[in-house]
Amino acid sequence: MSILLSLSRQCCRGNANPILFSRSFTQTFVVQARDKKQSKIRTPSKKALAAKQKRRVAKAALKQGKLEQLSLLDAISTLRATEVASPKAMYELYVKTEMGSGVAVPKGRFKLPKEAKARAEETVLVFAEGRQAEEAKKAGAHIVGGIELIEGILNNRIRASTYLCTTSLIRAITPRLGRFLGQQGLMPSERRGTVTDDIAGYIERIQGTSEWKADKTGNIHMPIGSMHFSADEVVRNFRHFMASVKKATGNIKDNRQKETKKPVVISKVLLSSTRGPGIRIADY
């Protein structure tokens, strides 16, 4: 032991500037603690999120399935009993569609066998030139013109409820009106039949009809009759409107439309009245 001590003293005396050894730390204790805390937070994978969403949908479907469902005639009788003191009350139909991502908002045209209420006046605008423009005017179009109408539409000086366009002008109006009218669901489209060279024929087909349109979440609301209607009249209106909805959502084949996408699921149909409850319909 004494030998070691003497050797160490000689080394210190021989080196006036002893080497100091230091250890460098890449992370402080605060950073290490923070990293350790963050590592405990798990980010769910896409597969786990999809499974969670599937369980949530299945749970909601099970809850909805437990609700009592009635036939259409029984629902009409129940609502009529609740509206005895209100002869001017209306039967109101609610349809829920399950819209996925990238699916266009369902919309269509219909004419009830017996109108539930007065129809709003419709304004038809047609993009056409030459002979087709003359045919559109004769058929009853309210506004007819070419690309000169674009500025008025963008400035809201020209408004219409239905927009039609010939095949020769659709490429000229799409760059400026595509996003503007598309957000409102009014842009002419070949899929919906509003881009056509048979303008006169289309106007004749829609005369006397009304348009229905779902909201952004796929909900459709429509009055289909008054309390003074007979049960048969309400049933006919109900069946007629549901046929229009099923065609627009792809649940009924339409020879005029190309079958390129899967049908939109109709998850539930409810019938209610002005002051009555919403009754889920089993036989729609």
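The structure we're discussing is the one just above.
Now for a look at the structure at hand. Because the structure is a prediction, the values reported are computed rather than measured.

**Considering the overall build of the protein chain**
Thinking step 1. Helix and strand counts for the protein chain come out as nine helices and 10 strands.
Thinking step 2. Within the protein chain, buried positions represent 34% of all 284 residues.
Thinking step 3. About 19,500 Å² of surface is accessible on the protein chain, with carbon and sulfur atoms providing 54% of the total.

**As for the environment of Cys165**
Thinking step 1. Mapped onto the secondary structure, Cys165 falls in strand E6 (residues 162–165).
Thinking step 2. Sequence-wise, Cys165 and Val144 are 21 residues apart; in three dimensions their C-alpha atoms are separated by 9.8 Å.
Thinking step 3. Once you skip the residues sitting within four places of it in the chain, Cys165 turns out to touch Phe127, Ile170, Ile173, Pro188, Thr194, Val195, Thr196 and Ile199.

**Here we look at the nonpolar core**
Thinking step 1. Judged by nonpolar contacts, the single largest core of 30 residues is most densely connected at Phe241 and Leu271.
Thinking step 2. Counting only elements with at least two residues in this core, the list comes to helix H4 (72–82), strand E2 (90–98), strand E8 (219–226), helix H9 (231–248), strand E9 (265–273) and strand E10 (279–281).
Thinking step 3. The element contributing the most residues to this core is H9, with six residues.
Thinking step 4. Once you skip the residues sitting within four places of it in the chain, Leu271 turns out to touch Leu72, Ala75, Ile76, Leu79, Tyr91, Glu92, Leu93, Ile224, Pro277, Gly278, Ile279 and Ile281.

**Description of the pattern of salt bridges**
Thinking step 1. Taken as a whole and assessed by the stated rule, the structure comprises six salt bridges.
Thinking step 2. Ionic pairing is found between Arg239 and Asp283, a salt bridge with its closest N-O pair at 3.6 Å. With Arg239 in helix H9 and Asp283 in the segment after E10, this residue pair connects regions lying 44 residues apart in the sequence.
Thinking step 3. With relative accessibility at 36%, the residue Arg239 sits in the partly exposed group.

**Quick word on helix H7 (residues 170–182)**
Thinking step 1. A rise of 1.5 Å per residue sets the reference length of H7, with its 13 residues, at 18 Å; its end C-alpha atoms lie only 13 Å apart and thus fall more than 12% short of the reference.
Thinking step 2. Considering bend angle alone, the principal kink of H7 is centred on Arg176 and spans about 65 degrees.
Thinking step 3. Within H7, burial applies to Ile170, Ile173, Leu177 and Leu181.

**Digging into unusual backbone geometry**
Thinking step 1. Positive phi is not limited to glycine here, since Asn156 has a value of about 65 degrees.
Thinking step 2. Note on placement: Asn156 falls in the loop between helix H6 (150–154) and E6.
Thinking step 3. A relative accessible area of 39% means that Asn156 is categorised as partly exposed.

**A few points about the sheet that holds strand E5 (residues 143–145)**
Thinking step 1. Strand order in the open sheet formed by three strands is E5-E4-E6, and the pairing between neighbours is parallel. Edge positions in the sheet fall to E5 and E6, since each has one partner strand and no second. Sheet twist, expressed as the average angle between the axes of neighbouring strands with direction ignored, equals 15 degrees.
Thinking step 2. Sheet topology places strand E4 (residues 124–127) next to E5; three bridges connect them, and they run parallel. The residue of E5 that forms the bridge with Val126 is Val144.
Thinking step 3. Sheet strands in contact with helix H8 (residues 199–206) are E4 and E6, and its direction is about 155 degrees off that of E6.

**A look at the environment of Gly145**
Thinking step 1. When you line up the elements, Gly145 lands in strand E5.
Thinking step 2. We classify Gly145 as buried; its relative accessible area is 7%.
Thinking step 3. Taking the C-alpha atoms as reference points, Gly145 and Val126, separated by 19 residues in sequence, lie 6.6 Å from one another.
Thinking step 4. Sequence-distant contacts of Gly145, defined by excluding residues within four places in its chain, comprise Val126, Phe127 and Ala128.

**Some details on the pairing of E9**
Thinking step 1. Pairing of E2 with E9 involves eight bridges; the strand directions are antiparallel. Across the sheet, Glu92 pairs through a bridge with Ser272, a residue of E9.
Thinking step 2. Pairing of E9 with E10 involves two bridges; the strand directions are antiparallel. If you follow Leu270 over to E10, its bridge partner there is Arg280.

**Overview of the sheet that holds strand E1 (residues 69–70)**
Thinking step 1. Here we have five strands laid out as an open sheet, ordered E1-E10-E9-E2-E8, and mixed in their pairing. In this open sheet, the two strands that pair with only one neighbour each are E1 and E8.
Thinking step 2. In this sheet, E10 lies alongside E1 in parallel orientation, the contact comprising two bridges. Looking at E10, one finds that Leu70 is bridged to Ile281.
Thinking step 3. Those strands touched by H4 are E1, E2, E9 and E10, and its axis lies near 30 degrees from that of E9.

Conventions and cut-offs
- Residues numbered from 1 in each chain as written.
- Predicted model: local features only at pLDDT ≥ 70, side-chain atom pairs only at ≥ 80, totals over all residues.
- Heavy atoms only, no water.
- Helix = DSSP H or I, 4+ residues; strand = E, 2+ residues; numbered from the N terminus.
- Buried < 20%, exposed > 50% of the residue type's maximum accessible area, 1.4 Å probe, protein only.
- Areas by Shrake-Rupley, 256 points an atom, 1.4 Å probe, with all protein chains shown as cover.
- Contact = heavy atoms within 4.5 Å.
- Core = buried A, V, L, I, M, F, W, Y, C linked by side-chain atoms within 4.5 Å.
- Salt bridge = Lys/Arg side-chain N within 4 Å of Asp/Glu carboxyl O.
- Expected span 1.5 Å × (residues − 1).
- Bend = angle between axes of the 7 residues up to and from the residue.
- Pairing = 2+ DSSP bridges.
- Axes fitted to C-alpha atoms, helices over the stretch in contact; angles between N-to-C directions.

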